[in-house]
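Observations on the three-dimensional arrangement
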Amino acid sequence: MKFAKWMLGIAVLALLAPAQAQQPIVIKFSHVVAVDTPKHKGADRFKQLAEERSKGRVKVEIYPNSSLFKDGEEMEALQLGSVHMLAPSLAKFGPLGVRDFEVFDLPYVFDNYEELHKVTHGPVGATLFRKLEPKGIVGLAYWDNGFKVMSANRSIRSPADYKGLKMRIQSSKVLGDEIKALGAIPQVMAFSEVYQGLQTGVVDGTENPPSNFYTQKMHEVQKFLAVTNHGYLGYAVIANKKFWDGLPPDIRATLGGAMKDATVYANDIAKKENDDALEAVRKSGKTQIVSLTAEEKAAMRKALVTVHKENESRVGKETIAAVYQATGFKP
Ligand code: LMR
């Protein structure tokens, strides 16, 4: 009798084993932007490639639009392992204590994507990722978004026009100083709250690439958009280090390949997504697009580059020098 029970136990285990072996590894990937953006499209491509190439051994669940975690929550959630992957803006690493990332926020430090890629694809990008490891985070890739525009309910052409405006910013001290350099008042606010903040007048204006401006419907609540291109906004795709290092090596290699290809895709579409979004704002007829004259651009630049020197000790002299060297930037 005992022997029969024992045999039955073995048979049940044998039946269950293949089912258990087929349970996929679930990767939760959370972000704060809308689905019609370069970041979400990049995440979606990663999901597709990861699931296909792992032959179903991996399942990627994407949570867009702050539906799982918001700004101010997501980094901690990643460190705790409540989510496995994120792609926060490079301006959101200060609160984690890795302030060097704010080098990307320095006004006018990149003239174009080519200059930016010399940093993100080069030794500076790799050094910055290494600084995340003691925080339990591994950097996987840099994804582009684009160059920022300013918006408000008054025409903003030169620094004097910003005086006294409350401007929503991301959680970066460099961005706070940028707004102060224009005589305006910076206000840190989670991305998910910006539309309402602008609608109710808690803030008067903001900055973001056109893709975020349009997909969050900010054109419904902002009368003017100035094409300043005064700074860059992009992303670091990051993972919980313990989770990533604990993956079976073949799966980790497959995911690394999927990330590499998704990165090429995301960075290929970013510029067009932003050009199209600016065109869509124009077509909406709700927000007037303001193009600056050469004199106005020069006045903005003169006011904003002061932020570089001011933030030398925060961002790190060496990091700033390495970025200047890569891009050829001269203050
Ligand atoms: C913002 O908070 O303005 C952006 O960083 C959102 C994003 O992830 O693009």
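Preceding block: the structure.
Here we summarise the structure given alongside this text. All values reported here derive from a predicted model rather than from experimental measurement. (Residues numbered from 1 in each chain as written. Predicted model: local features only at pLDDT ≥ 70, side-chain atom pairs only at ≥ 80, totals over all residues. Heavy atoms only, no water.)

Structural notes on the overall build of the protein
Rules: A run of H or I in DSSP counts as a helix once it spans at least four residues, and a run of E counts as a strand once it spans at least two, with each numbered from the N terminus. The cut-offs for exposure are 20% and 50% of the maximum accessible area for each residue type, with area from a 1.4 Å probe on protein chains only; residues under the lower value are buried, those over the upper are exposed, and the others partly exposed. Throughout, a contact is declared for two residues whenever any of their heavy atoms are within 4.5 Å. Note that accessible areas follow from Shrake-Rupley with a 1.4 Å probe, and for residues the cover is restricted to the protein chains shown.
In terms of regular secondary structure, the protein is built from 14 helices and 11 strands. Dimensions along the principal axes, computed over C-alpha positions, put the protein at roughly 90 × 45 × 30 Å. Expressed as a percentage of its 331 residues, the buried residues of the protein come to 52%. For the protein, the proportion of contacts with a sequence separation of at least 24, taken over those separated by at least 6, is 76%. Put simply, the protein shows about 15,100 Å² of open surface, and 55% of that area lies on carbon and sulfur atoms.

Brief notes about the packing of helix 4 (residues 113–120) against helix 14 (residues 317–327)
We count it as follows: Every axis in this analysis is a line fitted to C-alpha atoms, fitted for helices over the stretch in contact. Angles between the N-to-C directions lie between 0 and 180 degrees. Angle categories are assigned with fixed cut-offs, so that under 35 degrees is roughly parallel, over 145 is roughly antiparallel, 65 to 115 is roughly perpendicular, and the rest are oblique. Take the far helix as your reference; a near helix turned counterclockwise from it by less than a right angle gives a left-handed crossing, and one turned clockwise gives a right-handed crossing. Asp, Glu, Lys and Arg are counted as charged, while Ala, Val, Leu, Ile, Met, Phe, Trp, Tyr, Cys and Pro are counted as nonpolar; the rest, among them Gly, fall into the polar class.
Where helix 4 contacts helix 14, the axes come no closer than 9 Å and their chain directions differ by 135°. Compared by their axis directions, helix 4 and helix 14 come out oblique. Viewed along their axes, helix 4 and helix 14 form a crossing whose handedness is right-handed. Where helix 4 approaches helix 14, its residues E115, K118 and V119 are matched on the opposing element by V323, A326 and T327. Across the contact of helix 4 with helix 14, the residue classes break down as three nonpolar, one polar and two charged.

Looking at the site of the ligand
Test applied: Consider each residue's heavy atoms; a residue with any of them within 4 Å of a molecule or strand counts as near. Two N or O atoms count as a polar contact when they lie within 3.5 Å, although within protein this holds only if one can serve as hydrogen donor and the other as acceptor, and sequence-adjacent residues are included solely when both atoms are side-chain atoms.
The full set close to the ligand counts 13 residues, and K39, K92, R168, Q170 and Y235 are the nearest of them. Between an oxygen atom of the ligand and a side-chain N or O atom of K39, the distance comes to 2.7 Å. Interatomic distance of 2.7 Å between a side-chain N/O atom of K92 and an oxygen atom of the ligand. For the ligand, whose free accessible area comes to 270 Å², the fraction covered by protein is 100%. Of the residues contributing to the shell around the ligand, the split by class is five nonpolar, four polar and four charged.

As for the sheet that holds strand 5 (residues 149–152)
What holds strands together in a sheet is hydrogen bonding between their backbones, with the strands either parallel or antiparallel. Using the following cut-off: Strands qualify as paired when DSSP identifies two bridges or more between them.
Read from one edge of the open sheet, six strands run 7-6-8-5-9-11, paired in mixed fashion. Two strands bound the open sheet, and with one partner strand each, they are strand 7 (185–188) and strand 11 (288–291). If you compare each strand with its neighbour and ignore which way they point, the axes differ by 25° on average.

Observations concerning the pairing of strand 4 (residues 137–147)
Within strand 4, 10 of the 11 residues are buried, which leaves the element mostly enclosed by the surrounding structure. Here strand 4 runs beside strand 10 (residues 232–240); their pairing, made up of nine bridges, is antiparallel. Bridging across to strand 10, G139 finds its partner in I238.

Regarding the packing of helix 2 (residues 38–53) against helix 10 (residues 249–284)
Contact pair helix 2 / helix 10: the axes reach a minimum separation of 8 Å and the direction vectors enclose 150°. In this view, helix 2 runs roughly antiparallel relative to helix 10, as classed from their interaxial angle. Along this stretch, helix 2 crosses helix 10, giving a crossing that reads as right-handed. The residues of helix 10 that touch helix 2, namely those facing P38, K41, G42, R45, F46, L49, A50 and R53, are T254, L255, G257, A258, M259, D261, A262, Y265, A266, I269, A270 and E273.

With respect to the pattern of salt bridges
Filter applied, for reference: Put simply, a salt bridge is a Lys or Arg side-chain nitrogen that is within 4 Å of an Asp or Glu carboxyl oxygen.
Following the criterion strictly, the structure yields 19 salt bridges and no others. Here K180 and D177 are joined by a salt bridge, their closest N and O atoms 4.0 Å apart. Taken as a pair, K180 and D177 lie in helix 6 (residues 173–181) at a separation of three residues, close to a single helical turn. One network of salt bridges, in which partners are shared, links D36, K41 and E273.

Overview of the sheet that holds strand 10
As summarised here, the arrangement of the five strands in space is 2-1-3-10-4, forming an open sheet in which the pairing is mixed. Looking at the sheet topology across the chains shown, the edges are occupied by strand 2 (58–63) and strand 4. In the sheet, strand 1 (residues 25–30) pairs with strand 2 via six bridges, with the strands oriented parallel. Bridge assignment links V26 to a residue of strand 2, and that residue is K59.

Focus: the packing of aromatic side chains
As a reminder, the rule being used: Two rings from Phe, Tyr or Trp (for Trp, the six-membered ring) form a pair when their centres sit within 6.5 Å of each other. Planes less than 30 degrees apart are called stacked, planes more than 60 degrees apart edge-to-face, and all others tilted.
Within this structure, the stated rule accounts for nine aromatic pairs. For the pair F104 and Y142, a centre-to-centre distance of 6.1 Å together with 45° between the ring planes defines the contact as tilted. One end of the pair, F104, is in the loop between strand 3 (85–86) and helix 4; the other, Y142, is in strand 4, and 38 residues separate them in sequence. Accessibility assignment for this pair places F104 and Y142 in one class, buried.

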